Number of protein chains: 2
Amino acid sequence: MARVFNFSAGPSVLPEEVLKIAAGEMLDYQGTGTSVMEMSHRSNAFIAIAKDAETLLRELMEIPENYKVLFVQGGASTQFAMTALNLMGRSESKTAEFVNTGMWSKKAISEAKRFGEVKIIATSEDKNFSYIPELTKDMFDPKASYVHITANNTIFGTRYRELPDTGDVPLVTDMSSSILSERYDVTKFGLIYAGAQKNMGPAGVTTVIIREDLIGREFDITPTMLKYKIHAENESMYNTPPCYSLYIMKLVFDWLKNKGGVAAIQKINEDKAAILYDFLDKSKLFKGTVEPKFRSLMNVPFVLPSEDLNGAFIKQATAVGLINLKGHKSVGGMRASIYNAMPVDGVKKLVEFMKEFESKNG
Amino acid sequence: MARVFNFSAGPSVLPEEVLKIAAGEMLDYQGTGTSVMEMSHRSNAFIAIAKDAETLLRELMEIPENYKVLFVQGGASTQFAMTALNLMGRSESKTAEFVNTGMWSKKAISEAKRFGEVKIIATSEDKNFSYIPELTKDMFDPKASYVHITANNTIFGTRYRELPDTGDVPLVTDMSSSILSERYDVTKFGLIYAGAQKNMGPAGVTTVIIREDLIGREFDITPTMLKYKIHAENESMYNTPPCYSLYIMKLVFDWLKNKGGVAAIQKINEDKAAILYDFLDKSKLFKGTVEPKFRSLMNVPFVLPSEDLNGAFIKQATAVGLINLKGHKSVGGMRASIYNAMPVDGVKKLVEFMKEFESKNG
């Protein structure tokens, strides 16, 4: 079959150029006579790949020198525990403050509760997480160990347009579905974590960007593999890293750099999202579910007036090669995830198809 | 460059047939129009891959129904914590008993010590781990929570020829470097874990085989992602699994099944190892470092009489496409890791080269 347009929320579409390079190098990486999958992680060839990945990410995100970049395993779900185990103890309060903007925030909250005090300072649950709560500096306790937000909510399709001012309390952020999709000022964060499987590469590797002063404050009960300190001291090679996933990630970073970096892809992402949101705003049949001000650039949920229509739309879209458009059950309807690697043509084709569907069913 | 013979201890050689399939399917997995890397882990296509991987492993290892097969992240290093956190509490003693047969045993021991009592019941450290200690039933405390052994010692090249009789105390085993290389009776174990990057696939996925009655006994401080219960209840899909690594693993299992399964590969492995050990026993220059009775089928350490000769050998071997033969610093000299995917021809070529080296330097 020809390549389809894949709107999956994650794992998700990767740049075709990257997949072609990976296929071409599968049996012999750059004259080594081995696949990257077969390389010792202590080999010069692999160490170069890992170092390049870090250097490229530092460049793309303008990560300052006083931040460590770690590549670990276990996904954001493991970070929910790691952030709490490593950071809650940094202040006497042992309290973490959370903003609850959806399912992933909730999971982070419930894991943190197992290791210390949790305060939910704002939530958008009253309107099914269709907006981001307003946050003012006085809402944050300066004695808290950290404040946690979810930068982009994959399921509900919302994102922070402005970061909260938490003063001296470190801002910890799940950036899984928006990292590298728009410019972020890394200096505003104490810690950023993101699973790779949306904007960075295949599932199985997780990026952590952590300010150095936050390393080494873990509780005694922290398993060795969940200590940021261990991974920082060993340059993410304390044990065998997920080598092949890291290699693909490095290729994705190369691709993004060649595209012009984050500023350039942000412009493309804004254009892509605008094509879809403009149509939703004009449509009499399709409806976006998020308050315009907080709309995600990456995940666009929308609904039709009936379950029958939703079902028919998803089925017909799949038949023309627009796949994985079914929305998450918490929102219903459809969701188009349009990550960095989704071509503009994919979004255009989707909107054309929506127009056609509307003219037939409107 | 032509494909080389790669004797890396891990990540290590994979079957060329598997790499060819992976390369061929990279942009379009079986008519889906997407790469396996791009597939939602909740998609039918990916769920079929994961189920196939489990079914094939159950078949290859004859895993009984009262054992769960889990695919998780974090490598054996994470299992050092997980086994302790999940199993130490199963008896009132909260004591784990260990046999210390090398660096990986030691790492498992030091992690377990952080969560409960540890008793080292035997060690082979007196002779630089060149043998497996004799173990008799009376050495084990029937009140212990579990007994931990390292089935095959990647660094020191030793393996258990017989399993210890631990009575009713569950035997927990790090099988990272010998799983699927020879027949094991799974019913003798309470829990088996193994990183994939030796005999199963690429780094980034870890297999756990656990008897059902050992699930759900974790300490309260166990992070959610480190609970066997969570992964068992969610069929290893609590969060996004390392999808692509799992897919390659499934292809390796297919390959092994086509080879005739574990009994057939064991015969090949015994033949391969015999070629190398027979030469070592006859050589006047090369010397094996392990007591013959405990020699590994997978990792074969050997030394030359001087550091200069070791260095010359490794350099010259690399030049003729016999790569990654440098031994671990704890043993020195050379180590040939000859996992399932190492062809007999690779071992023959190595021994030919060793003969030639001996004739020139003997």
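From a predicted model like this one, the values you see are computed outputs, not experimental measurements.

**A word on the relation of the copies chain B and chain A**
- Its rotation angle being 180°, the transformation that places chain B on chain A also includes 0.0 Å of axial translation and leaves an RMSD of 0.0 Å. As the rotation angle and translation indicate, the two copies are arranged about a two-fold axis. In terms of C-alpha distance to the rotation axis, chain B has B:A23 as its closest residue, with the C-alpha 2.3 Å off the axis.
- Taken as a fraction of all interface residues of chain B, those also at the interface in chain A reach 100%, which identifies the copy contact as same-surface.

**A few points about the sheet that holds strand β5 (residues 146–150) of chain A**
All names here are of chain A.
- Spatially, the 7 strands line up as an open sheet ordered β2-β10-β9-β8-β5-β3-β4, and their pairing is mixed. Looking along the sheet, the strands with just one partner apiece sit at the ends: β2 (67–72) and β4 (117–123). Sheet twist, expressed as the mean angle between neighbouring strand axes with direction ignored, is 20°.
- Strand direction decides the pairing type here: strand β3 (residues 95–100) and β5, joined by 3 bridges, are parallel. Each residue of the ladder has a partner; that of E97, found in β5, is V147.

**A short note on the domain arrangement of chain A**
Residue and element names in this part refer to chain A.
- According to the domain assignment, chain A contains domain 1 (18–258) and domain 2 (261–361).
- Computed over C-alpha atoms, the centres of domain 1 and domain 2 are 27 Å apart.
- Across the boundary between the two partners, domain 1 contributes 25 residues, which contact 24 residues of domain 2.
- Secondary-structure elements contributing two or more residues to the side of domain 1 that touches domain 2 are α2 (44–61), β6 (152–153), β7 (158–159) and α6 (243–258).
- A breakdown of the residues in the side of domain 1 that touches domain 2 according to their chemical character gives 9 nonpolar, 10 polar and 6 charged.

**Focus: the packing of helix α2 (residues 44–61) of chain B against helix α6 (residues 243–258) of chain B**
All names here are of chain B.
- The contact between α2 and α6 brings their axes to 9 Å, and the two run at 40°. The orientation of α2 with respect to α6, classified from their angle, is oblique. Considering only the axes of α2 and α6, their crossing is left-handed. Contact residues: α2 offers F46, I49, A50, D52, A53, L56, L57 and L60, while α6 offers C243, L246, Y247, M249, K250, F253, D254, L256 and K257.

**Let's talk about helix α1 (residues 16–25) of chain B**
- Turning to α1(B), its buried residues number three or more, namely B:V18, B:L19 and B:A22. Projected down its long axis, α1(B) carries its buried residues within an arc of 95°, all on one side.

**Concerning the pairing of strand β5 (residues 146–150) of chain B**
Residues and elements named next belong to chain B.
- Counting buried positions along β5 yields 5 of 5 residues, so the element is predominantly enclosed.
- Taking every second residue as pointing to the same face, both faces of β5 are buried, with Y146, H148 and T150 on one and V147 and I149 on the other.
- As paired strands, β5 and strand β8 (residues 171–174) are joined by 4 bridges and run parallel to one another. In the strand pairing of β8, H148 is matched with V172.

**Quick notes on the interface of chain B and chain A**
- Taken together, the contact between chain B and chain A spans 56 residues of the former and 56 residues of the latter.
- Only α1, α3 (75–87) and α6 of chain B provide two or more residues apiece to the side of chain B that touches chain A.
- A per-element tally of the side of chain B that touches chain A places α1(B) first, with 5 residues.

**As for the sheet that holds strand β14 (residues 334–337) of chain A**
Residue and element names in this part refer to chain A.
- Spatially, β11-β12-β14 is the arrangement adopted by the 3 strands of the open sheet, whose pairing is antiparallel. With one partner strand each, in any of the chains shown, β11 (287–288) and β14 form the two edges of the open sheet.
- One ladder, built from 4 bridges, connects strand β12 (residues 299–303) with β14; its direction is antiparallel. Looking at the pairing, F302 lines up with M334 of β14.

**Brief notes about helix α7 (residues 261–282) of chain B**
Residue and element names in this part refer to chain B.
- Here α7 spans 32 Å end to end across 22 residues, near enough to the 32 Å set by a 1.5 Å rise per residue.
- Along α7, the residues that are buried comprise V262, I265, N269, K272, A273, L276 and L280.
- Buried positions along α7 lie against α2, α6, β11 (287–288), β12 (299–303), β14 (334–337) and α9 (344–361).

**A closer look at unusual backbone geometry**
All names here are of chain A.
- Looking along the chain, the bond that leaves G10 and enters P11 is cis, with omega of -10°.
- Structurally, the position occupied by P11 is in the loop between β1 (5–6) and α1 (16–25).
- Despite not being glycine, Q30 has its phi angle at roughly 45°, a positive value.

**Quick notes on the environment of A:G201**
Residue and element names in this part refer to chain A.
- Here G201 shows up in the loop between β9 (191–195) and β10 (206–211).
- Along the chain, G201 and I120 lie 81 residues apart, while their C-alpha atoms are 32 Å from each other.
- Ignoring anything within four residues of it in the chain, the contact list for G201 reads A196, S245, I248, M249 and V252.

**Observations regarding the confidence of the model for chain A**
- Taken residue by residue, chain A gives an average pLDDT of 97. The fraction at 70 or more is 100%.
- Interface predicted TM-score (ipTM) for the complex: 0.97; the corresponding pTM is 0.98.

**Side note on the environment of A:N340**
Residue and element names in this part refer to chain A.
- Locating N340 in the fold gives a position in the loop between β14 and α9 (344–361).
- Separated by 74 residues in the primary sequence, N340 and Q266 have C-alpha atoms spaced 8.5 Å apart.
- Not counting residues up to four positions away in its chain, the partners in contact with N340 are L180, S181, N199, L256, I265 and N269.

**A closer look at the environment of A:P15**
Residues and elements named next belong to chain A.
- One can find P15 in the loop between β1 and α1.
- In this structure, the C-alpha to C-alpha distance between P15 and N199, residues 184 residues apart in sequence, is 10.0 Å.
- Leaving out residues up to four positions away in the same chain, P15 has contacts with V252, W255 and A341.

Conventions adopted
Residues numbered from 1 in each chain as written. Chains lettered and ligands numbered in written order. Predicted model: local features only at pLDDT ≥ 70, side-chain atom pairs only at ≥ 80, totals over all residues. Least-squares fit on C-alpha atoms with pLDDT ≥ 70 in both. Contact = placed C-beta atoms within 7 Å. Pairing = 2+ DSSP bridges. Helix = DSSP H or I, 4+ residues; strand = E, 2+ residues; numbered from the N terminus. Axes fitted to C-alpha atoms, helices over the stretch in contact; angles between N-to-C directions. Domains from an automatic or database assignment. Nonpolar A, V, L, I, M, F, W, Y, C, P; charged D, E, K, R; others polar. Parallel < 35°, antiparallel > 145°, perpendicular 65-115°, else oblique. Left-handed = near helix turned anticlockwise from the far one by under 90°. Buried ≥ 20, exposed ≤ 12 C-beta atoms within 10 Å, placed from the backbone. Arc of directions from axis to C-beta. Expected span 1.5 Å × (residues − 1). pLDDT = per-residue confidence, 0-100.

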